[in-house]
Amino acid sequence: MPELPDVEVFRQYVESTALHQRIDSTGIRDKDMLKGVSAPGLRKDLKGEGIESARRHGKYLFLEMEGGKWLVLHFGMTGSLKYFKDPDKEPTHTRLIFDFENGYHLAYACPRKLGRIGLTRDMAKFMREKKLGPDPCDPGLNRERFAAIFGESRATIKSALMNQGLMAGIGNIYSDEILFQAGISPETRADRPSKDDMEALFSSMEHLLEAAIDARPDPSDMPSSFLMRDRDKSGKCPKCGKALVKKKIAGRTAHYCPRCQK
Ligand SMILES: [Zn+2]
């Protein structure tokens, strides 16, 4: 399920494939996925335009159109993008497709339809309305601000890490991994870790997100010390070999090592 590193890879993908191509037509295969914009409105707004830039905040991808509006894509649990020429290569479950004047297409596929497609004039306003917290890759999010954000939450640290209103971009898999790398139990209350533990958490988050984006997030390319490589295979801790615990925390199935995470 796309979390920050996956969406960052989609952003880089759009940048390396589809920028500045003029849109001839926009196919909307599922208008139920449109939020705050109608199908005719979207088609009309995007006709003849090109994608000027691609930006990301948390799990949202924003495509800046030449006319100044932003197409907003959220990928839900199963969304992805594909740029291709041959119409036979169109992914199944395509919900939105741009046909460019150069003969290529950009498809947004979303099998489980938990993603969404929107259009906004003002990206900052959109993020305010969604009450999104800062992005972990934002250089303005330093150790102090990170500690302050979590120091005010009385939820479990796993729940706080996944709370998009505190910080946007981390979901189930990456919250487990960050906590594993920092050696902190997911059930610790967010305002409880010591200053040193908060620093370890911040460093592990930064390191992990960078490594995941570099691996263009395929778990098999991650370092062998990463939990996400083994969590659904051997079910054993990659550091000490003990069986991982699986437990529902904040509505999601957390995986953690009872020996390495205190
Ligand atoms: Zn362990």
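Note that this is a predicted model, so its numbers are computed, not measured.

(A) Structural context of the coordination of the zinc ion. The protein atoms donating to the zinc ion are Cys237 (SG), Cys240 (SG), Cys257 (SG) and Cys260 (SG), with metal-donor distances spanning 2.2 to 2.4 Å. Bound by four donor atoms, the zinc ion shows angles of 104 to 113° at the metal and therefore tetrahedral coordination geometry. Spacing between the donor residues of the zinc ion along their common chain follows C-x2-C-x16-C-x2-C.

(B) Up close: the side chain of threonine 94. With respect to the helices, strands and loops of the structure, threonine 94 is situated in strand β7 (residues 94-100). Note on threonine 94: relative accessible area 7%, which makes it buried. Here the side chain of threonine 94 touches proline 91 through a polar contact of 2.7 Å, landing on its backbone oxygen.

(C) Region of interest: the packing of aromatic side chains. The final tally for this structure, using the stated rule, is ten aromatic pairs. Between tyrosine 83 and phenylalanine 100 the ring centres are 6.2 Å apart and the planes differ by 50°, which places this aromatic pair in the tilted class. Placement of tyrosine 83 in strand β6 (residues 80-84) and of phenylalanine 100 in strand β7 is noted, with a sequence separation of 17 residues between them. Among the residues examined, tyrosine 83 registers a relative accessible area of 16% and is labelled buried. Through successive ring pairs, a cluster of aromatic residues spans Tyr83, Phe98, Phe100 and Tyr104. Directly above the ring of phenylalanine 84 sits lysine 82, whose terminal nitrogen or CZ lies 5.9 Å from the centroid. Of note, lysine 239 hangs over the ring of phenylalanine 180, and the distance from its end group to the ring centre comes to 4.6 Å.

(D) The arrangement of the packing of helix α6 (residues 172-182) against helix α7 (residues 195-214) in detail. Contact geometry for α6 and α7: axes closest at 8 Å, N-to-C directions at 125°. One element, α6, and the other, α7, form an angle in the oblique class. The way α6 lies across α7 gives a crossing that is right-handed. Where α6 approaches α7, its residues Tyr174, Glu177, Ile178, Leu179, Gln181 and Ala182 are matched on the opposing element by Ala200, Leu201, Ser204, Met205, Leu208, Leu209 and Ala212. Across the contact of α6 with α7, the residue classes break down as ten nonpolar, two polar and one charged.

(E) Up close: the pattern of salt bridges. Across all of its chains, the model carries 15 salt bridges by this definition. Taking the shortest distance from any N to any O, the salt bridge between glutamate 8 and arginine 56 comes out at 2.9 Å. Taken together, the residues span a long stretch of sequence, with glutamate 8 in helix α1 (residues 4-17) and arginine 56 in strand β3 (residues 51-57) at a distance of 48 residues. Like arginine 56, glutamate 8 is buried. Between glutamate 90 and arginine 29 there is a salt bridge, with its nearest N and O atoms 2.5 Å apart. With glutamate 90 in the loop between β6 and β7 and arginine 29 in the loop between β1 (23-28) and β2 (34-35), this residue pair connects regions lying 61 residues apart in the sequence. For arginine 29, a relative accessible area of 46% puts it in the partly exposed group. Several salt bridges share partner residues, and in doing so they unite Glu8, Arg11, Glu15, Arg56 and Asp135 into one network.

Criteria and thresholds
- Residues numbered from 1 in each chain as written.
- Predicted model: local features only at pLDDT ≥ 70, side-chain atom pairs only at ≥ 80, totals over all residues.
- Heavy atoms only, no water.
- Donors = N, O, S within 2.8 Å, 3.2 Å for Na, K, Ca; no water.
- Tetrahedral: all angles 85-135°; square planar, octahedral: opposite > 155°, others 65-115°.
- Helix = DSSP H or I, 4+ residues; strand = E, 2+ residues; numbered from the N terminus.
- Buried < 20%, exposed > 50% of the residue type's maximum accessible area, 1.4 Å probe, protein only.
- Polar contact = N/O pair within 3.5 Å; in protein donor to acceptor, adjacent residues only side chain to side chain.
- Phe/Tyr/Trp six-rings, centres within 6.5 Å; stacked < 30°, edge-to-face > 60°.
- Lys NZ or Arg CZ within 6 Å of the ring centre and 35° of its normal.
- Axes fitted to C-alpha atoms, helices over the stretch in contact; angles between N-to-C directions.
- Parallel < 35°, antiparallel > 145°, perpendicular 65-115°, else oblique.
- Left-handed = near helix turned anticlockwise from the far one by under 90°.
- Contact = heavy atoms within 4.5 Å.
- Nonpolar A, V, L, I, M, F, W, Y, C, P; charged D, E, K, R; others polar.
- Salt bridge = Lys/Arg side-chain N within 4 Å of Asp/Glu carboxyl O.

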